[in-house]
Amino acid sequence: MTVALFTGSLLLVIAIGAPIAYALIITGAALMWQMGLFDGQIIAQNLLNAVDSFPMIAIPLFILAGEVMNTGGLSRRIIALAQSLLGHRRGGLGYVVIFAGVLLSSLSGSALADAASLSALLLPMMVAAGHSKERAGGLIASASIIGPIIPPSIGFIVFGVATNLSISKLFMAGIAPGLMIALALAITWFFVSRSENVTPTPRASWAERGRALIDSFWALMLPVIIIVGLRFGIVTPTEAAAVAAAYSLFVAMFIYRELSLDDLKEVTFRAGKTAAGVMFLVAAAAIPAWMITIADIPGQVIGMVQPFMDNPKLLVFVLMALIIVVGTAMDLTPTILLLGPILVPVVTAAGIDPIYFGVLFMINCAIGLITPPVGTVLNVVCAVGKMEYEALFRGTLPFFLAQVAVLFLLVLFPELVTVPAAWISH
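These figures come from a predicted structure and were not determined experimentally. (Residues numbered from 1 in each chain as written. Predicted model: local features only at pLDDT ≥ 70, side-chain atom pairs only at ≥ 80, totals over all residues. Heavy atoms only, no water.)

### A few points about the overall build of the protein chain
For the record, the criterion: Secondary structure elements follow DSSP: runs of H or I of four or more residues count as helices, runs of E of two or more count as strands, with numbering from the N terminus. Radius of gyration: C-alpha atoms only; globule rule: 2.2 Å multiplied by the number of residues to the exponent 0.38. Using a 1.4 Å probe on the protein chains alone, a residue whose accessible area is under 20% of its type maximum counts as buried, one over 50% counts as exposed, and one in between counts as partly exposed. Residue-level accessible areas treat just the shown protein chains as cover; the underlying method is Shrake-Rupley with a 1.4 Å probe. Residues counted as positive are Lys and Arg, residues counted as negative are Asp and Glu, and His and the chain ends are not counted. Working definition for charges: the position is that of NZ of Lys, CZ of Arg, CG of Asp or CD of Glu.
Helix and strand counts for the protein chain come out as 22 helices and zero strands. Here the C-alpha atoms of the protein chain give a radius of gyration of 21 Å, agreeing with the 22 Å that 2.2 N^0.38 yields for 426 residues. With the C-alpha coordinates of the protein chain rotated into their principal frame, the extents come out at 70 × 45 × 45 Å. The burial tally for the protein chain puts 56% of its 426 residues in the buried class. Of the roughly 17500 Å² of accessible surface on the protein chain, 69% is carried by carbon and sulfur atoms. Treating the 19 positive side-chain charges of the protein chain as one cloud and the 20 negative ones as another, the clouds have centres 13 Å apart.

Quick look at the structure:
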């Protein structure tokens, strides 16, 4: 009964067009009413306590760092380096997108920020070179969703806070799967681009490549600082976010000198607006999360999936299929906040490593960003590239299938996540 009320009220409120944050608050209030616990003070306390968290400070700081990188020239220099190294190959601009997507994901941790940068800078170049606009946009959208998987990842921060898991361990465990997805995209692009008659860009000389590397050196140092700092325990994820924001500001304003004080005002406003939306979602989700614990919904879900509990791979497969369905209708952050606290206790009870499950969960949620009808990354690429949504998804489809294939490969072979994560951590 409790699970049915929780699911039904949430879907009903979403169906009438209410924003996700309000839908979460109303769903939590409905559960409180059903259990005879309704109290406005409890709602207010949960809203405040959810964002009164030291790890959550990392979210606005990483968002600010991402905005600074896009405006201050760091992202542009990363893309220029990728183009100098790979642009001359057949279909080379596609490999530039993938390589730049990996590098940008290690800077911003945001799929939307990466999608905006790659679309603005590389989509016109790919179209001018002769690539199909929809296929190029599909590759850009697909490469952008590596952002929530490779650290630093805003999604992993939210997941870690929502489920009480180590954010640093989630960060380290996401590196190898993120690179696997990039490899899958490159292989898919190799075959997809064969059908296009495209003239590669001229090969950059070694001198030009050297200049691009030197020019991008300060931008490339940021992920090195973050990963090394986290790996050796020098900084916490929150402190890493502060370092990222301060470092990107310093580089953009005093080394590259592309960010003025007037630009900084606009950048800060955009970052604050984005962060406010994310933090309100986090606060709103605290109410149903509290009721999920009180009502023992994870225990009820365990009872529902009991037939699968003795087969961990089958259980994870079923849960991944569930998350894919949810991801078509909900954005990344609400999906994490809604399902994370429910499913992590379930997989833990089945003897599955919650960090491993968290990585699969994040990959699945990231794929949802390019899945209709919501697909927020698709909306960003459509807006920047002035494309039709349906046409863009058709261009995304082969890359979407490749990413789903990687996801279920990791379901079948958990050691592809756990072994590299252990090696990186130790």
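### Remarks on the nonpolar core
For the record, the criterion: Buried Ala, Val, Leu, Ile, Met, Phe, Trp, Tyr and Cys residues that are joined via side-chain atoms within 4.5 Å together make up what is termed a nonpolar core. The contact definition used throughout considers only heavy atoms, calling two residues in contact when any of these lie within 4.5 Å.
Counting residues in hydrophobic clusters, the biggest one holds 153 residues, and the most contacted among them are I59, M320, F357, F361 and V377. Tallying contributions element by element places helix α15 (residues 261–294) first for this core, with 12 residues. Discounting chain neighbours no more than four positions away, the residues touching I59 are I154, I157, V158, V278 and M279.

### Re the packing of aromatic side chains
Each aromatic ring pair is specified by the distance between its two centres and by the angle formed by the two planes. Here is the rule: Each Phe, Tyr or Trp ring (for Trp, its six-membered ring) is paired with any other whose centre lies within 6.5 Å, and the angle between the two planes then decides the class: stacked below 30 degrees, edge-to-face above 60, tilted in between.
According to the stated counting rule, one finds 10 aromatic pairs in the structure shown. An angle of 40° between the planes, with centres 5.7 Å apart, marks the rings of F250 and F254 as tilted. A residue pair is termed a helical-turn pair when its members lie 3 or 4 positions apart in one helix, as F250 and F254 do in helix α14 (residues 237–255) at four residues. Using a relative accessible area of 46% as the deciding quantity, one classes F250 as partly exposed.

### Concerning helix α17 (residues 312–327)
Going by this rule: Helices are assigned an expected span. That span is 1.5 Å times one less than the residue count.
Between its first and last C-alpha, α17 extends 22 Å over 16 residues, near the 22 Å set by a 1.5 Å rise per residue. On its buried face, α17 sits against α18 (332–349), α19 (354–368) and α21 (389–412).

### Focus on the pattern of salt bridges
Here is the rule: Any carboxyl oxygen of Asp or Glu within 4 Å of a side-chain nitrogen of Lys or Arg constitutes a salt bridge here.
Within the structure shown, the criterion is met by five salt bridges. Across the salt bridge formed by R270 and E67, the nearest N and O atoms sit 3.0 Å from each other. In this pair, R270 is assigned in helix α15 and E67 in helix α4 (residues 58–72), connecting sequence segments 203 residues apart. The exposure class of R270 is partly exposed, given its relative accessible area of 29%. A salt bridge links R77 to E258; its shortest N-O distance comes to 2.9 Å. Highlighted residues: R77 in helix α5 (residues 74–86) and E258 in the loop between α14 and α15, separated in sequence by 181 residues. Each of R76, R77, D215 and E258 takes part in salt bridges that share partners, so that together they form one network.

### Thoughts on unusual backbone geometry
Most peptide bonds are trans, and most residues other than glycine sit at a negative phi. Of note, the bond from P151 into P152 is cis; its omega dihedral lies within 30 degrees of zero at 0°. Structurally, the position occupied by P152 is in the loop between α8 (133–144) and α9 (154–163). The backbone of N164 sits at a positive phi, close to 60°, despite the residue not being glycine. In this structure, N164 sits in the loop between α9 and α10 (167–173). Exposure remark for N164: the relative accessible area of 72% places this residue in the exposed category.

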